[in-house]
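# Inside the fold
Listed below are the residues making up each chain.
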Amino acid sequence: MDNQLIVELRDVVIEQSGISVLRNINFNLAQAESVYLIGKSGSGKSSLLKALYGEAIVTEGQARVFEYDLRKLKRTKVPDLRRKMGMVFQDFQLFKHWTVANNLSFVLTATDWRDKTLIKQRVEEVLTEVGLIKYFNQKVFQLSGGEQQRLAIARSILNRPALIIADEPTGNLDPDTSDEILYLLNKVSRDHKTAVIFATHDYRIIDKFPARVFRCSEHTVAEVE
Ligand SMILES: Nc1ncnc2c1ncn2[C@@H]1O[C@H](COP(=O)(O)OP(=O)(O)OP(=O)(O)O)[C@@H](O)[C@H]1O
Ligand SMILES: [Mg+2]
């Protein structure tokens, strides 16, 4: 086992609802490394990410994320695994009728933060980091799409994860706003040495910040040389 690697997949098969959707996957990710995951719609990007956060099943090969062996992962351990990663999705998955601050404090309370002062302090820190502190008491539906995605990124870093999984985080945004989100994720990654897996079908994105690229196609995942 290579301790510098936070994700190691060897000859892995991934199933969704009993159907094998990806096979022969060899993929690894080092601490603080960012990689892109590209591929057409339906090629399996989300399936790979779901396997990493314990939503899709690994049926063959060796698969490790942090210290968790995905083939031996019990359902009861999935929340522990997810607590170590930040997740950002295309559709933000925020509580739109709650305030910006409540969307964040809720997560801290749910992950066993108890001290109200510390909770407020951490919420202010992450909102400042993503440039949304002025919206502390605003309702989420009053924010633009780009601002909502910034909030989702703030939420993803609350517990200082070692890995952020971003599944088409710019899929609903215009090109300029997409670039802002890309820059923000890159800044977060550099400032906190957080690894990022960034799935996108927008090939334009990958020229902005060079990183290793993996492509999903023909039911497998391969590094693009
Ligand atoms: N829950 C599921 N049960 C069965 N098959 C699934 C399930 N989810 C996805 N699939 C299948 O797995 C394959 C890969 O889908 P996936 O969502 O991983 O692709 P994707 O690359 O993320 O696509 P998109 O760019 O549209 O998000 C598709 O053939 C899809 O139909
Ligand atoms: Mg997808």
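What comes next is a walk through the structure.

Here is what the cut-offs are and how they apply
- Residues numbered from 1 in each chain as written.
- Chains lettered and ligands numbered in written order.
- Predicted model: local features only at pLDDT ≥ 70, side-chain atom pairs only at ≥ 80, totals over all residues.
- Core = buried A, V, L, I, M, F, W, Y, C linked by C-beta atoms within 7 Å.
- Buried ≥ 20, exposed ≤ 12 C-beta atoms within 10 Å, placed from the backbone.
- Contact = placed C-beta atoms within 7 Å.
- Pairing = 2+ DSSP bridges.
- Helix = DSSP H or I, 4+ residues; strand = E, 2+ residues; numbered from the N terminus.
- Axes fitted to C-alpha atoms, helices over the stretch in contact; angles between N-to-C directions.
- Near = placed C-beta within 6 Å.
- Nonpolar A, V, L, I, M, F, W, Y, C, P; charged D, E, K, R; others polar.

## Observations regarding the nonpolar core
Of all hydrophobic cores here, the largest spans 59 residues; its most connected members are Ile14, Leu37, Leu48, Ala154, Ala166, Leu185 and Ile197. Contact partners of Ala166, with chain neighbours within four places excluded, come to Val88, Leu185, Val196, Ile197, Phe198 and Ala199.

## A closer look at the sheet that holds strand 8 (residues 195–200)
Pairing between the strands of a sheet is mediated by backbone hydrogen bonds and can be parallel or antiparallel. Ordered by their spatial adjacency, six strands build an open sheet running 6-7-8-3-9-10, and the pairing between neighbours is mixed. Edge positions in the open sheet fall to strand 6 (85–89) and strand 10 (220–224), since each of these has one partner strand only. The sheet shows a mean angle of 20 degrees between the axes of neighbouring strands, taken without regard to direction. When strand 3 (residues 34–38) meets strand 9 (residues 212–217), the two strands line up parallel, connected through four bridges. Within the sheet, the bridge partner assigned to Tyr36 lies in strand 9 and is Val213. Contacts from helix 1 (residues 45–52) reach strand 3, strand 7 (163–167), strand 8, strand 9 and strand 10 within the one sheet, and its direction differs from that of strand 7 by about 150 degrees. Packed on one face of the sheet, helix 6 (residues 175–192) meets strand 3, strand 7 and strand 8 and runs near 160 degrees to strand 8.

## Considering the site of ligand 1
In the region of ligand 1, 14 residues are neighbours, and Ser17, Ser41, Lys45, Ser46 and Ser47 sit closest. Sorting the residues of the shell around ligand 1 by element identifies strand 2 (19–30) and helix 1 as the ones contributing at least two each. Take the shell around ligand 1: its biggest share by element is three residues, from helix 1. Broken down by class, the residue content of the shell around ligand 1 amounts to three nonpolar, ten polar and one charged.

## A look at the sheet that holds strand 5 (residues 68–69)
Taken in spatial order, the four strands line up as 2-1-4-5 in an open sheet, and their pairing is antiparallel. One side of each edge strand has no neighbouring strand; the edge strands of this open sheet are strand 2 and strand 5. The strands that helix 1 touches are strand 1 (5–16), strand 2 and strand 4 (57–65); relative to strand 1, the one it contacts most, it runs at about 120 degrees.

This is a description of form; function is not addressed.
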